[in-house]
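# Breakdown of the fold
Below are the chains, spelled out letter by letter.
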Amino acid sequence: MNTISVETPSASYTIECGRGAISRAGSLVASLAPASGIYFLSSPPVWKHCGPLLLRSFRGNIAGKSKRVAAANPVLFRDGEQFKTMRTVETLCRALVRAGADRQALLVAVGGGVVGDVAGFAAASYLRGVRVVHIPTTLVAQVDSSIGGKTGVNLPEGKNLAGAFHQPALVLVDPDLLRSLPDRQFRSGLYEVIKYGVLGDRGLFDFLENRMTQILARDRASLNWIIPRCISAKAAIVSGDEREAGARESLNLGHTFGHALESLTRYRRFLHGEAVGWGMVAAARLAVEATRLSSADARRIERLIYAAGPLPAIPAFPASRWLAAMRSDKKTRAGRLRFILPRKIGEVSAVDGVSEKLVGRVIGNVTRDAARRREGQR
Ligand code: GLY
C-alpha cells in the first residue's frame, strides 16, 4: 500500500493507494477520529458492485467506535455529468437530514468523478461542513478528482461554476476496482493520465507511449506504476497551491476548451476525460500557432491522445458560441481567455489574452479533423 500525503493550509490527510484498499476501508476509516454516524453516498451500479464488500469491511471495524453505520440505507443518486446539479446536492442534504446525520457525521463517497464532486459539495455545505472520505472507483476519480478538495456542480452556463474547496479526511484508491470499469470510462481516465505527462512528467509520457497496448489491456503492473505516480504529482501540486493561485492551474491543461465542449453539448455527449482529450489536442495546436511548442512535440501529444482510443466527434458550433462558452469558464480573467499551453512535453504555462481569431481558427481545424477521424474509423 502506498501512503501519499497532502498537506494544505486547511487540512492534512493521506491517500492510501494499493490493491485491496477497499477491503481495508473499514479499518482505515476507523483510524480517523470517531464519527456519530457513517453515511455512504454512491450511485446504484457502483453500490451494487462495491457495497457488499464495503459493508463487510465497515461492520467488522466500526462497530462500537461510531454510533451507527447507516449502511443499510446508502444514499444513492444517478451519476451522469447531467446530474451534477444543485438539485442533486439538495436531494442528498435532505436525505442526510432524514437519516439523522449531525455535525460529527462522516460521509463516505463511493464512485466516479460525479459522485465525488457532488458528495464532496454536499459535505462542504451540509450543516456548514462535515467530514468526507472518498473511495474513487473510476480512473479519472482515482488520479484526479478525488484529490485536492475541489467539489461542485455544473450550471447550464458552464462546468463546475458552483462549488467549494473542501478537503477530504482520507482517500482510498484501489486499482483493482478498475478491472470492471467499462472501456469508455477507462479510456476517459487515460486522457487525464496523459495530461500529467504533458504538464510535468516526461518519464510518464514516455512510459505511456511505450506501453499503451498493455495499459489498454489494464495490465496490473502498468496501472500499479501509473496511478500512484499521478496521485503523487497531484498531491504535491495541491499541497503547494490549495486554492489555485499558481501552480495548480497547470492541472487545467485541456480544460478551457474541454469545459466549453462539455457545456455546449449539455454534459451529455462527452465523458469529462474525453473532453479534456480534445482540449489537449486544441491546446497543443494553439501552442504551435502561438510559436510556443514545436510541431514535433505537438504531434507526439496528439498521437498519444489518439492511441488511448476513439474520441466522440465534435459537433459543429459557430465560433461565437465557443468563445461565449470559454468566456464563462472559471479560468477567464476580466473577459480575457486564459489557456494552459504546453511549451514542451513535461512543461506548461498559463497564457492570457490569446487572440480570439486564433482560437477560432484552431477550433475550426480540430473540429474538421475530428469529423475526418470519425469517418476514417467507420
Ligand atoms: N482537476 C483539477 C484540480 O483539481 O485542480
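Structural notes, computed from the coordinates. Computed from a prediction, not measured in an experiment: that's the story for all the values here. (Residues numbered from 1 in each chain as written. Predicted model: local features only at pLDDT ≥ 70, side-chain atom pairs only at ≥ 80, totals over all residues. Heavy atoms only, no water.)

### A short note on unusual backbone geometry
The phi torsion at Leu127 lies on the positive side, around 50 degrees, for a residue other than glycine. Inspection of the secondary structure assignment puts Leu127 in the loop between α4 (113–125) and β7 (131–136). Look at Leu127 and you get partly exposed, because its relative accessible area is 36%. We note that Arg266 has phi near 55 degrees; this positive angle belongs to a residue other than glycine. Examined against the element boundaries, Arg266 turns out to sit in the loop between α9 (255–264) and α10 (272–289). (Helix = DSSP H or I, 4+ residues; strand = E, 2+ residues; numbered from the N terminus. Buried < 20%, exposed > 50% of the residue type's maximum accessible area, 1.4 Å probe, protein only.)

### Notes on the site of the ligand
Every residue close to the ligand is listed here: Asp144, Lys150, Lys234, Glu244, Arg248 and Leu251. Asp144 places a side-chain nitrogen or oxygen 3.1 Å from a nitrogen atom of the ligand. The contact in question runs from an oxygen atom of the ligand to an N or O atom on the side chain of Lys234, over 2.5 Å. Relative to its unbound accessible surface of 200 Å², the ligand loses 89% to contact with the protein. (Near = heavy atom within 4 Å. Polar contact = N/O pair within 3.5 Å; in protein donor to acceptor, adjacent residues only side chain to side chain. Areas by Shrake-Rupley, 256 points an atom, 1.4 Å probe, with all protein chains shown as cover.)

### Brief notes about the nonpolar core
Counting 79 residues, the largest nonpolar core has Ile194, Trp278 and Trp322 as its most contacted members. Broken down by element, this core gets its largest block of residues, ten residues, from α10. Here Ile194 is in contact with Leu208, Met212, Met280, Leu304, Ile305 and Ala308, once residues within four sequence places are set aside. Counting 26 residues, the second largest nonpolar core, distinct from the first, contains Val75, Leu92, Val114 and Val132. (Core = buried A, V, L, I, M, F, W, Y, C linked by side-chain atoms within 4.5 Å. Contact = heavy atoms within 4.5 Å.)

### What to know about the packing of aromatic side chains
Enumeration over the complete set of coordinates arrives at six aromatic pairs. Ring plane angle 45 degrees and centroid distance 5.1 Å describe the contact between Phe40 and Trp47, whose orientation is recorded as tilted. No difference in accessibility class separates Phe40 from Trp47, as the two residues are buried. Summarising the aromatic geometry, the rings of Phe40 and Phe58 are spaced 5.0 Å apart at their centres and angled 85 degrees between planes, so their arrangement reads as edge-to-face. A residue pair is termed long-range when its members are at least 10 positions apart, and Phe40 in strand β3 (residues 37–42) and Phe58 in helix α2 (residues 44–62) qualify at 18 residues. An aromatic cluster is present here, built from Phe40, Trp47 and Phe58 joined pairwise through their rings. Of note, Lys195 hangs over the ring of Tyr196, and the distance from its end group to the ring centre comes to 5.5 Å. Sitting over the face of the ring of Phe186, Arg218 holds its NZ or CZ atom 4.5 Å from the ring centroid. (Phe/Tyr/Trp six-rings, centres within 6.5 Å; stacked < 30°, edge-to-face > 60°. Lys NZ or Arg CZ within 6 Å of the ring centre and 35° of its normal.)

### Describing the pattern of salt bridges
Under the defined criterion, the tally for this structure stands at 26 salt bridges. We note a salt bridge from Glu347 to Arg343, for which the minimum N-O separation is 3.8 Å. Judged by relative accessible area, which is 32%, Glu347 ranks as partly exposed. If you follow the salt bridges from partner to partner, you end up with Glu81, Lys84, Asp117, Lys159 and Glu262 in one network. (Salt bridge = Lys/Arg side-chain N within 4 Å of Asp/Glu carboxyl O.)

### Observations regarding the packing of α9 against α10
As a packed pair, α9 and α10 sit with axes 7 Å apart at the nearest point and diverge in direction by 130 degrees. Classified by the angle their axes make, α9 and α10 are oblique. Helix-helix and strand crossings are classified by hand; for α9 and α10 the assignment is right-handed. Packed against α9, whose contacting residues are His255, Phe257, Gly258, His259, Leu261 and Glu262, the element α10 presents His272, Ala275, Val276, Trp278, Gly279 and Ala282 at the interface. Broken down by class, the residue content of the contact of α9 with α10 amounts to six nonpolar, five polar and one charged. (Axes fitted to C-alpha atoms, helices over the stretch in contact; angles between N-to-C directions. Parallel < 35°, antiparallel > 145°, perpendicular 65-115°, else oblique. Left-handed = near helix turned anticlockwise from the far one by under 90°. Nonpolar A, V, L, I, M, F, W, Y, C, P; charged D, E, K, R; others polar.)

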